[in-house]
Amino acid sequence: MSTNGHDTTSPSNKFSIDIPRPKWDSKEVKHRPNIEVVIDPQPKDLLKKFQGPLPQSKTQLDTEKNALLAQLKQSSKIAYEKPDLVEQHFGTTGFSTVFGAEDEDLELMRSAASKKKKKTDRSRIKLEIGSHSGPLNQLSLGKTPIHPARAARDILISRFQEEVYPPLTFSNEINDRRLPGKFQFIDHYIISPKVKMAPPSTNSGCDCTDCTLSACKCLTKEVEGRETQVEIYVRRPDGIIVLSDDFIICHQEEQENRQEITECNEHCGCGGDCWNRVVCKGRTVPLEIFQTEKCGFGVRSSKDIVKGQFIERYLGEVMTEHELVIREDPAEEHQASYVFSLDWFSRLDNKEPYHVDGEYFGSAMRFVNHSCNPNTICVPVQTNRGDRRVYDLAFFAIKDIKAGREICISYESKGAYDEGQPSEDLVKCHCGEYNCRGYLWRPGVTTRRRKRRQE
Ligand SMILES: C[S@@+](CC[C@H](N)C(=O)[O-])C[C@H]1O[C@@H](n2cnc3c(N)ncnc32)[C@H](O)[C@@H]1O
């Protein structure tokens, strides 16, 4: 028995260790046998480790250690070639004082670890469409299968919790209805392969460093054959950039002089702080999809929205007229419609417009209801100047909208109501406004659907 507690001679894997006894215990344990320790399974190897030559002196140990450190600094190969040596000098825990992080490094690591979630530019995030779209009946939690309806709802709830900022919430205080299981939130259009988009090279920007109404090319429009400056946005004293009053009035009243928005883009000389970048920066108001009394789900915000403020884009699958016909064919006449047509420029270009179907994929605005006295308008926003067939549909408030009030648009553009006569089979409007026209779609819309089906 050696004094250091290791029996260096025993061939067996059993060792006795003398435990120094405390004085107060000496009488009682006088005859207690030594504690037996069993080392298993390779005592010899273990012992060999302990038998290695002990360093002669502290100076020698330090010299060896420093030499090893110098080698390690040159190449970490040494750590693989001589693990015993490294372990002997620096231990195995990783908390080596020799390799310890400098204060500076520690500070760096700490700040990196506690970094708050950064605000994300949602337009840059590619959502993997289809990541959740596998057959729902295959979903299970361990061995317990999940009911498809519940699974779909869970997926939707988790989708709300994704990097969506400000919050997008759901509430139903009226009945048990939940969001449709087949619907999925997206943050960009899903473009059908049949849709021909103009190449990015056809896009262009302004040369300004600081855009002004009088000089910025993005704010110049041809109106009645003349180049005119269009004041789209103005900055309010509180910093919120809103649609100008003139733009809103024009958009509501003068069919012919209505303007699309052309925001500054990545080809422009100005930076991200330019006031002509609103829609491209994404939603800034929290939205809630809620159950209304009479119109199914609707949309509202928990914050006041000011007149002219951008709310959100309409999103969905962008498809050709032919694809839409195929999709609409089996649809019932009275079924809710989620289609927005991208027909803003088709009157100029004489080309068949594409359509955005928000039924299965979309933003919160897929749930926006109609009112005959709307508080919101939808404005086309050209994203690629060379592309007049695919552009954004952006919703802006045209009045101050108090928190909790439903956000509503008019499903029909002004002046289109008197096309055809209202008939019995039209979908009834339940907006409840003083000027309610009684039905939802202008008569031509349902007939158009019917006609398409016969073609
Ligand atoms: C784009 S969706 C709006 C979201 C829809 N409320 C839902 O629950 O999915 C359009 C459909 O909502 C319903 N709707 C919207 N506004 C309405 C209104 N003022 N009166 C009656 N129904 C309305 C109609 O069924 C319409 O086809």
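Rules behind the numbers
- Along each chain, residue indices are assigned from 1 in the same order as the chain's sequence is written.
- Owing to the predicted nature of the model, reporting of local features is limited to residues with pLDDT of at least 70; listing and counting of side-chain atom pairs is limited to 80 or more, with chain, interface and lining totals taken over all residues.
- As a rule here, side-chain values cover all heavy atoms of the structure and leave hydrogens and water aside.
- UniProt positions are given in the numbering used here, feature names are shortened, and annotations may be inferred rather than shown by experiment.
- Any two strands are treated as partners once DSSP identifies two or more bridges connecting them.
- Helix and strand assignments follow DSSP, with helices taken as H or I runs no shorter than four residues and strands as E runs no shorter than two, numbered in order from the N terminus.
- Here a residue-residue contact requires only that any non-hydrogen atoms of the pair lie within 4.5 Å.
- Only the stretch in contact is used when a helix axis is fitted, and all axes are lines through C-alpha atoms; the angle between N-to-C directions ranges over 0 to 180 degrees.
- Only one rule defines a salt bridge in this text: a Lys or Arg side-chain nitrogen within 4 Å of an Asp or Glu carboxyl oxygen.
- Working definition: with a 1.4 Å probe on protein chains only, accessible area under 20% of the residue-type maximum means buried, over 50% means exposed, and in between means partly exposed.

With an unreviewed UniProt entry as reference, the protein is termed SET domain-containing protein, source organism Fonsecaea erecta. A UniProt comment under Subcellular location (unreviewed entry) is attached to the protein, and it reads "Chromosome".

## Describing the sheet that holds strand β21 (residues 376-382)
Read across the open sheet, the 4 strands follow the order β12-β21-β22-β15; overall the sheet is mixed. Across the chains shown, the open sheet's two edge strands, defined by having one partner strand only, are β12 (261-262) and β15 (310-314). Relative to β21, β12 is paired through 2 bridges, and the arrangement is parallel. Note on β21: the bridge partner recorded for T262 is Q382. Contacts between helix α7 (residues 245-253) and the sheet are confined to β12, β21 and β22 (392-397), with β21 contributing the most and set at about 100° to the helix.

## Focus: the pattern of salt bridges
Oppositely charged side chains are able to pair whenever their charged atoms sit close together. Evaluation of the coordinates by the stated rule reveals 8 salt bridges. Here K402 makes a salt bridge to D304, at a shortest N to O gap of 3.2 Å. Placement of the pair is K402 in the loop between β22 and β23 (406-409) and D304 in the loop between β14 (297-300) and β15, with a sequence separation of 98 residues. Residue D304 is classed as partly exposed on the basis of its relative accessible area, which comes to 44%. R327 is paired through a salt bridge with E317; the nearest N and O atoms lie 2.8 Å apart. One end of the pair, R327, is in helix α8 (residues 321-328); the other, E317, is in strand β16 (residues 317-319), and 10 residues separate them in sequence.

## Remarks on the pairing of β21
The buried fraction of β21 amounts to 7 of the 7 residues, a majority that puts the element mostly inside the structure. Neither face of β21 is left uncovered, since the one carrying T376, C378, P380 and Q382 and the one carrying I377, V379 and V381 both have all their residues buried. Looking at chain direction, β21 and β22 are connected through 6 bridges and run antiparallel. Bridging across to β22, C378 finds its partner in F395.

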